[in-house]
Every structure is written in C-alpha cells, then in structure tokens.
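Below, each chain spelled out in residue letters.
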Amino acid sequence: MFKGFPLFPESASTVAAGVDSLYFYLVAVAVFFSVLIFSLIFYFAVKYRRRREGEIPPLVHGNVRLEILWSVVPFALSMIMFGWGAKLYFDVSTPPPDPLAISVVAKQWMWKIQHPGGQREINELHVPVGQPVELTMVSEDVIHSFYVPAFRVKKDVLPGRFSRLWFEATKVGTYHLFCAEYCGTKHSAMIGSVVVLEPKDYQDWLAGGPPAESPVAAGARHFEELGCKTCHLSGAAQRGPSLEGIYGKTVVLEGGAVMTVDDDYVRESILTPAAKIVASYRPLMPTFKGQVSEERLLELLAYVKSLTPVAPRAGGRR
Ligand code: CUA
C-alpha cells in the first residue's frame, strides 16, 4: 500500500504491514469523526438557527438511547485500539528464536556497529534479508534513538543500560537510519544507512573486510589485561565467583535475593561490583567504571557468555 507515495516510507520488514494497518485504522477513525463532527456543526447551525426575534426553542431533557450510543461506540473503538496496539507491541518487541546478534554502541554523533564475527562498521549496518536480527544497544554518552522508518522500528539507546531491538528485513535495498532523540549539536547528522543484502552477499561482505578479531577473543584478551582472571578462574587463587557456566543461571546474593546472570547483571558487576555480591564472597572487587569503554564491555560480556557452553536465553532480559 502507498508504494512510491513520496511521503510514505518504504515497507521492508516483517512487522511493517502490521504497523501500517494499525496506523491506517487510527487515521480512519480520526478522519471519520472529524468529518462527522464538522458536518454536524454546519448542519445544526443551519437547522437550528434563530428564525425570528425572541424565539425560545423547546427544552430537551436528554435521550438515553443516544447517550448509550455515544458512550458505547467510542469505548468499543478505543478498546480495539488498545487490544490491537498491545498485540502489535508484543509482536514487535519479542524477537524470534536465534536471531543474528549484532551490537550497537551510540555516541555523539555516530553509530558504531559490530557483527558476531567481530567485523565493525560505522553509520552503516549490513544485514542479510529474511533473517531475524537482534541489536543489543548501549550509549557511550547521552540518550539516542535507533530508528529505521522502512522497518517501522525505533528504540531508545541509553547510557548505562542495554536496550534491544529486533527486525527481519524482507527486501534487499538501502534504507535510512536516523537518530530519533535530540542528542546535541549534531543530532541531525547522526544518520546512516541499513544495507539489506542477499544472505550470500552478506557472507561475502563479512569476508571482504580486514580480518577481524571476534568479540569473544577480544573479550578474553581484556579479561587477561584487566586482571579479571587472577580472581575469577577456578583454582587455588580463586577469590571471586568462577564465571564458567554461570550465564543464564541464577545466583544467590548476600541477603538472600536471587538473580539471573544476564547481560545487565554482568555489566553491573563489572562497573559497580559492590552492588550485588554473591553470597559467601567478600566485596573485594574494584570498580572498572571509566576504565572500560562500552565496546570493550560488550566484548567482555561476549567472553563471559562463551564460558557457558550453550548460552540459554536468559529470562527477564527486557
Ligand atoms: Cu543521537 Cu540524536
């Protein structure tokens, strides 16, 4: 629908048609009632105009049927908006199983993207067509918002917390990527493109760049360099919890609270170690706040995840 219409974005993802249908329903309801109300204003103004000096119209005492009608109809129409909108919201926010995981770090004023194999790009995102892609996004500074109109997806990218967004492109092509949250002087220049390729071309594109270090390998390197392994590897010197096999599992904290080890938990444990101490351990770990960039954090996270053989999809991530 509206193909080639200049003011309407292209429709290039699995959720686009659903988002458009709801949008058109909202527009249709608004247009119908605007036209109805304005027509009635004119009609009544003419019909009930004062015909002679001193005319007193008959008193109206209400009409129960009419009142029920104008209560029930708007109620039904707004409940359709609510039900339909909620269903669509859950569809759009629940990724299908096993999406292609790509990480995005936003900063004033660019998008830094890393593919699972370690390939990096800036202000461009290459993805294969017909495959669900999930972005794990975080900001280095202020709030940004990742917006691809052709996919009908938009999500804020926050400092200090991961946010996630998924889509499945349905059409090969190049689409606009915008920052949709005012983030400073060059907010309007924080734009880029999403290039949707045939799966084979995507593989060629991945292989075409300079050799890349995988996030897991880079994470292992940081783990070594930052000295994490002195306390966190099992052995005689172990002073912190061993990280092997913990991703997706639950841990019991000091005080009895139970936490699932997920991305946010690992991130917090690196930056603010004292926030949640696993029971029977002491708060010895220094903070790494200011020492690790968001990109290195994502790599450390990839490494910690890799220590758990088959990373289960942790609950409560969103
Ligand atoms: Cu980033 Cu606006």
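Since we're looking at a predicted model, the values are computed, not measured. (Residues numbered from 1 in each chain as written. Predicted model: local features only at pLDDT ≥ 70, side-chain atom pairs only at ≥ 80, totals over all residues. Heavy atoms only, no water.)

## Looking at the sheet that holds strand β1 (residues 100-107)
Backbone hydrogen bonds are what pair the strands of a sheet, in a parallel or an antiparallel way. Ordered in space as β3-β2-β1-β5-β8, the five strands form an open sheet in which the pairing is mixed. The open sheet has two free edges, formed respectively by β3 (120-122) and β8 (163-168), since each of these has just one partner strand. The average angle at which neighbouring strand axes cross in this sheet is 25 degrees, direction not considered. Note that β1 and strand β5 (residues 132-139) share seven bridges and pair parallel. (Pairing = 2+ DSSP bridges. Helix = DSSP H or I, 4+ residues; strand = E, 2+ residues; numbered from the N terminus. Axes fitted to C-alpha atoms, helices over the stretch in contact; angles between N-to-C directions.)

## Section: the confidence of the model for the chain
Overall, the predicted model of the chain reaches an average pLDDT of 85, with 93% of residues at or above 70. For the chain, per-element mean pLDDT is lowest for helix α5 (residues 228-232), which scores 72, and highest for strand β6 (residues 144-148), which scores 95. Taken as a whole, residues 314-318 scores under 50 in pLDDT and shows 17 contacts with residues more than four places along the chain or in a different chain. (pLDDT = per-residue confidence, 0-100. Contact = heavy atoms within 4.5 Å.)

## Observations concerning the packing of aromatic side chains
Inspection of every chain in the model, using the stated rule, returns 13 aromatic pairs. When the centroid spacing of 6.4 Å and the interplanar angle of 45 degrees are considered together, the rings of tyrosine 147 and phenylalanine 178 count as tilted. Here tyrosine 147, found in strand β6, pairs with phenylalanine 178, found in strand β9 (residues 173-179); they are 31 residues apart in sequence, far enough to count as distant. For tyrosine 147, a relative accessible area of 27% gives the class partly exposed. Lying across the ring of tyrosine 147, lysine 154 places its NZ or CZ 4.6 Å from the centre. (Phe/Tyr/Trp six-rings, centres within 6.5 Å; stacked < 30°, edge-to-face > 60°. Buried < 20%, exposed > 50% of the residue type's maximum accessible area, 1.4 Å probe, protein only. Lys NZ or Arg CZ within 6 Å of the ring centre and 35° of its normal.)

## Regarding the side chain of histidine 144
Along the polypeptide, histidine 144 turns up in strand β6. Residue classification places histidine 144 among the buried positions, given a relative accessible area of 0%. Looking at histidine 144, its side chain comes within polar contact range of the side chain of aspartate 141, at 2.8 Å. Look past the residues within four positions of histidine 144 in its chain and what remains in contact with it is Ala106, Lys107, Gln108, Trp111, Ser139, Lys155, Asp156, Val157, Cys179, Glu181, Cys183 and Met190. (Polar contact = N/O pair within 3.5 Å; in protein donor to acceptor, adjacent residues only side chain to side chain.)

## Some remarks on the packing of helix α6 (residues 263-271) against helix α7 (residues 294-306)
Two elements in contact, α6 and α7, have axes separated by 10 Å at closest approach and are oriented at 120 degrees. On the basis of their axis angle, the class for α6 and α7 is oblique. For the element pair α6 and α7, the recorded crossing hand is right-handed. On the side of α6, the interface is formed by Asp263, Val266, Arg267, Ile270 and Leu271, while α7 contributes Glu294, Leu297, Leu300, Leu301, Val304 and Lys305. Partitioning the contact of α6 with α7 into residue classes produces seven nonpolar, no polar and four charged. (Parallel < 35°, antiparallel > 145°, perpendicular 65-115°, else oblique. Left-handed = near helix turned anticlockwise from the far one by under 90°. Nonpolar A, V, L, I, M, F, W, Y, C, P; charged D, E, K, R; others polar.)

## A word on the pairing of strand β10 (residues 192-197)
Counting buried positions along β10 gives six out of six residues, so the element sits mostly inside the fold. Of the two faces of β10, the one lined by Gly192, Val194 and Val196 and the one lined by Ser193, Val195 and Leu197 are each fully buried. For strand β4 (residues 124-128) and β10, the ladder comprises five bridges, and the chain directions are parallel. Opposite glutamate 124, over in β10, you have serine 193 as the bridge partner. Sheet topology note: the β9/β10 ladder contains five bridges and is antiparallel. Pairing of histidine 176 across the sheet is with serine 193, part of β10.

## Focus on the sheet that holds β9
Read across the sheet, five strands follow the order β4-β10-β9-β6-β7 without closing on themselves; strand pairing throughout is mixed. Edge positions in the sheet fall to β4 and β7 (153-157), since each has one partner strand and no second. Within the sheet, the average angular offset between the axes of one strand and its neighbour, ignoring direction, is 20 degrees. Sheet strands touched by helix α3 (residues 199-208): β4 and β10. Its angle to β4, the strand with the most contacts, is close to 135 degrees.

## Considerations on the packing of helix α4 (residues 215-225) against α7
Running from amino to carboxyl end, α4 crosses α7 at an angle of 100 degrees, the nearest separation of the two axes being 7 Å. The orientation of α4 with respect to α7, classified from their angle, is roughly perpendicular. Here Pro215, Val216, Ala218, Gly219, Ala220, His222, Phe223 and Glu225 of α4 come into contact with α7, specifically with Arg296, Glu299, Leu300, Ala302, Tyr303 and Ser306.

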